[in-house]
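Coordinates in review
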Amino acid sequence: MIVSSAAGLESSAPGWVNSMMESLGAPGAGILIALENLFPPLPSEVILPLAGFAASTGHMGLIAALLWTTAGSVVGALALYGIGALLGRDRTVRIAAKLPLLKVSDIERTEAWFARHGAKAVFFGRMIPVFRSLISVPAGVERMPIPLFLTLTTLGSAIWNTAFVLAGYALGENWEEVAGYVSTYSKVVLIAAVVGVLAFVVVRLMKPGAGTRRK
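The following paragraphs examine the structure supplied in this document. Quick caveat, the model's predicted, so the values are computed rather than measured.

1. Here's the deal with the packing of helix 1 (residues 15-24) against helix 2 (residues 26-38)
For the pair helix 1 and helix 2, interaxial distance at closest approach is 6 Å and the crossing angle is 140°. Between helix 1 and helix 2, the angle falls in the class oblique. For the pair helix 1 and helix 2, contact is made by Trp-16, Val-17, Met-20, Met-21 and Leu-24 and by Ala-26, Pro-27, Gly-28, Ala-29, Ile-31 and Leu-32, respectively. Here the contact of helix 1 with helix 2 is composed, by residue class, of 10 nonpolar, one polar and no charged.

2. Some points on unusual backbone geometry
The phi dihedral of Arg-143 is positive, around 55°, even though this residue is not glycine. Considering the arrangement of structural elements, one finds Arg-143 in the loop between helix 7 (136-141) and helix 8 (146-171). Exposure remark for Arg-143: the relative accessible area of 53% places this residue in the exposed category.

3. Some words on the nonpolar core
Within the largest apolar cluster, 20 residues are counted, with the highest numbers of intra-cluster contacts made by Met-21, Leu-48 and Met-60. For this core, the elements supplying multiple residues, two or more each, are helix 1, helix 2, helix 3 (44-56), helix 4 (62-98) and helix 8. Looking at this core element by element, the count peaks at seven residues for helix 3. Ala-77, Tyr-81, Phe-114 and Phe-149 belong to the second largest nonpolar core, which has 10 residues in total.

4. Quick look at the packing of aromatic side chains
For the coordinates displayed, the defined rule picks out three aromatic pairs. Here the aromatic rings of Tyr-81 and Phe-149 are separated by 4.7 Å at their centres, their planes lie at 40°, and the arrangement is tilted. You can see Tyr-81 sitting in helix 4 and its partner Phe-149 sitting in helix 8, a full 68 residues away along the chain. Note on accessibility: Tyr-81 and Phe-149 belong to one class, buried. Judged by centre distance (4.6 Å) and plane angle (50°), the ring pair of Trp-160 and Phe-164 falls under tilted. Remark: Phe-164 and Trp-160 occur in helix 8; sequence separation between them is four residues, near one turn of the helix. Both residues of the pair, Trp-160 and Phe-164, count as buried.

5. Here we look at the packing of helix 1 against helix 3
Here helix 1 crosses helix 3 at 40°, and the two axes come no closer than 11 Å. One finds that helix 1 runs oblique with respect to helix 3. Along this stretch, helix 1 crosses helix 3, giving a crossing that reads as right-handed. Contact residues: helix 1 offers Val-17, Asn-18 and Met-21, while helix 3 offers Ile-47, Leu-50 and Ala-51. For the contact of helix 1 with helix 3, the residue count by class is five nonpolar, one polar and no charged.

6. Brief notes about the side chain of Thr-153
Within the secondary structure layout, Thr-153 lies in helix 8. Residues contacting Thr-153, with those up to four places away along its chain left out, are Ser-73, Val-74, Ala-77, Val-122 and Arg-126.

7. Re helix 2
With 13 residues, helix 2 should reach 18 Å at 1.5 Å per residue; the first-to-last C-alpha distance of 19 Å fits that figure. Three or more residues of helix 2 are buried, namely Ala-26, Gly-28, Ala-29, Gly-30, Leu-32, Ile-33, Ala-34, Glu-36 and Asn-37.

Rules used throughout
- Residues numbered from 1 in each chain as written.
- Predicted model: local features only at pLDDT ≥ 70, side-chain atom pairs only at ≥ 80, totals over all residues.
- Heavy atoms only, no water.
- Axes fitted to C-alpha atoms, helices over the stretch in contact; angles between N-to-C directions.
- Helix = DSSP H or I, 4+ residues; strand = E, 2+ residues; numbered from the N terminus.
- Parallel < 35°, antiparallel > 145°, perpendicular 65-115°, else oblique.
- Contact = heavy atoms within 4.5 Å.
- Nonpolar A, V, L, I, M, F, W, Y, C, P; charged D, E, K, R; others polar.
- Buried < 20%, exposed > 50% of the residue type's maximum accessible area, 1.4 Å probe, protein only.
- Core = buried A, V, L, I, M, F, W, Y, C linked by side-chain atoms within 4.5 Å.
- Phe/Tyr/Trp six-rings, centres within 6.5 Å; stacked < 30°, edge-to-face > 60°.
- Left-handed = near helix turned anticlockwise from the far one by under 90°.
- Expected span 1.5 Å × (residues − 1).

If you want it as structure tokens, here you go:
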């Protein structure tokens, strides 16, 4: 068992996460990462180092862990891309028009920004907590070509996953240290996002007005 190799491991990784890796090995880690894309509260900073630690104990192969977790990232991202594609621009605009403090012009500016920087956003977004999942939705709404989306997602996810799986592999029983560092990083990112949202709300309240619809 994975948990038998390090005291106190169960306190950091939910029991069912351990169970899935113990039962399925590297494919289980891939499934967990796919679910993490769809349900961000599932922490990749716990799943990935734990997979690395499992590889260090021989419970799964290191290369298999890297391949399966990256495949899981791609599958989860594709699911969110599909949601964005099904939602579509027109429905997004209709929803935006009904939301307080959000104008159609905001959507239009976002579209223009994504047209210019979408490739970089998808690639680098894979390395930013929370946004690494959410960035797939606007990519779907804007119908980014699927081959490009898959390439960028695979490369960005491979970098993120490899860093944390290898960290867990190298640290062994001390793999939990990785989660601590990433937790701090995640908090900084989330605080920055909250500040950005608050700034947006303040500016919008000071400059009320309706946006325009794109023909």
